[in-house]
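Residue-level listing of the chains:
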Amino acid sequence: MKRISTNMPNFDMSHYMRLREWQMNELQNKMAAQSRLKELRDDPIAAGHATRFQSKAVRLAQYLENIAKVRDDMALAEGNLRSAVDLMQRVRELAVQGANGVYTEEQMAYVGEEVDQLLRELVETANGRDGQGNYLFSGFRSRVEPFRLHTGRVEGSRGSEVITGIEYVGDIGRNTGEVAEGATVAYRLPGNTAFWAELQQIYSSVQALDY
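(A) Structural view of the overall build of the chain. Counting its regular elements, the chain contains 4 helices and 4 strands. Along its sequence from the N terminus, the chain presents helices and strands in the succession α-α-α-β-β-β-β-α. Residue pairs at least 24 apart in sequence account for 48% of intrachain contacts in the chain once pairs closer than 6 positions are excluded.

(B) Molecular detail of the environment of Leu-189. Within the fold, Leu-189 resides in the loop between strand E4 (183–186) and helix H4 (191–195). Along the primary structure Leu-189 and Gly-139 are separated by 50 residues, whereas in three dimensions their C-alpha atoms are 6.9 Å apart. With residues near it in sequence (within four places) discarded, Leu-189 still touches Leu-136, Phe-137, Arg-174 and Ala-194.

(C) Spotlight on the packing of aromatic side chains. In this structure the tally under the stated criterion is 3 aromatic pairs. Relative to Phe-195, the ring of Phe-137 has its centre 5.1 Å away and its plane inclined at 85°; by these criteria the two rings are edge-to-face. Of this pair, Phe-137 sits in the loop between helix H3 (105–126) and strand E1 (147–152) while Phe-195 sits in helix H4; the two residues are 58 residues apart in sequence, bridging distant segments of the chain. Of the residues examined, Phe-137 reaches a relative accessible area of 0% and is grouped as buried. Given the relative accessible area of 23%, Phe-195 is considered partly exposed. When the centroid spacing of 5.1 Å and the interplanar angle of 45° are considered together, the rings of Phe-147 and Tyr-168 count as tilted. With a gap of 21 residues between them, Phe-147 in strand E1 and Tyr-168 in strand E2 (residues 162–168) connect regions that are remote in the sequence.

(D) Geometry of the nonpolar core. Within the largest apolar cluster, 7 residues are counted, these being Ala-84, Leu-87, Val-91, Leu-94, Val-111, Leu-118 and Leu-122. The set of elements that each furnish at least two residues to this core consists of helix H2 (44–98) and H3. At 4 residues, the largest contribution of residues to this core is made by H2. Ignoring anything within four residues of it in the chain, the contact list for Leu-122 reads Ala-84, Leu-87 and Met-88.

Calculation criteria
- Residues numbered from 1 in each chain as written.
- Predicted model: local features only at pLDDT ≥ 70, side-chain atom pairs only at ≥ 80, totals over all residues.
- Heavy atoms only, no water.
- Helix = DSSP H or I, 4+ residues; strand = E, 2+ residues; numbered from the N terminus.
- Contact = heavy atoms within 4.5 Å.
- Phe/Tyr/Trp six-rings, centres within 6.5 Å; stacked < 30°, edge-to-face > 60°.
- Buried < 20%, exposed > 50% of the residue type's maximum accessible area, 1.4 Å probe, protein only.
- Core = buried A, V, L, I, M, F, W, Y, C linked by side-chain atoms within 4.5 Å.

Right, here's the structure in full:
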């Protein structure tokens, strides 16, 4: 035999009203957050999938940033290399003209001065930087100026110092960027590869075969 109190309908009504109010609040919070999962306990399996998808989205966004940086750096490097080719073409023209033997000694001195200025401009081009101040052609040593000038007086230079040598102080590393999961691309040429006639070689004065 079941005994029913006169207060039971009131208790049941209050319980279900609070339950509906709680459910209404949960729905409103999810609508405001635009997410079905307000807390992990709402649906642990779906929450695990959502966490993985968010992580994937973050990685994809980073890959897009890396690709944009690679493109920008390659565009800058290409522009500098085009300028270097134009400068070298002018130097070649002057060299061909000077080899004809029709110029006087004073005219040859002027040609030499122009070549010296072109070489200085070429070094400035090779020491180009990106928007963050990193050198484009210094390998991994991006904060070190890759090419240094050596000047001095030579015969026929009309008393002024001219370029007598150029020293490369960068390294031979190539910067890489991750553009996809497990995929990287090299996007910066070291100065020895871009401007040198041959690859840089390293020699040791100590015999290391027995080590």
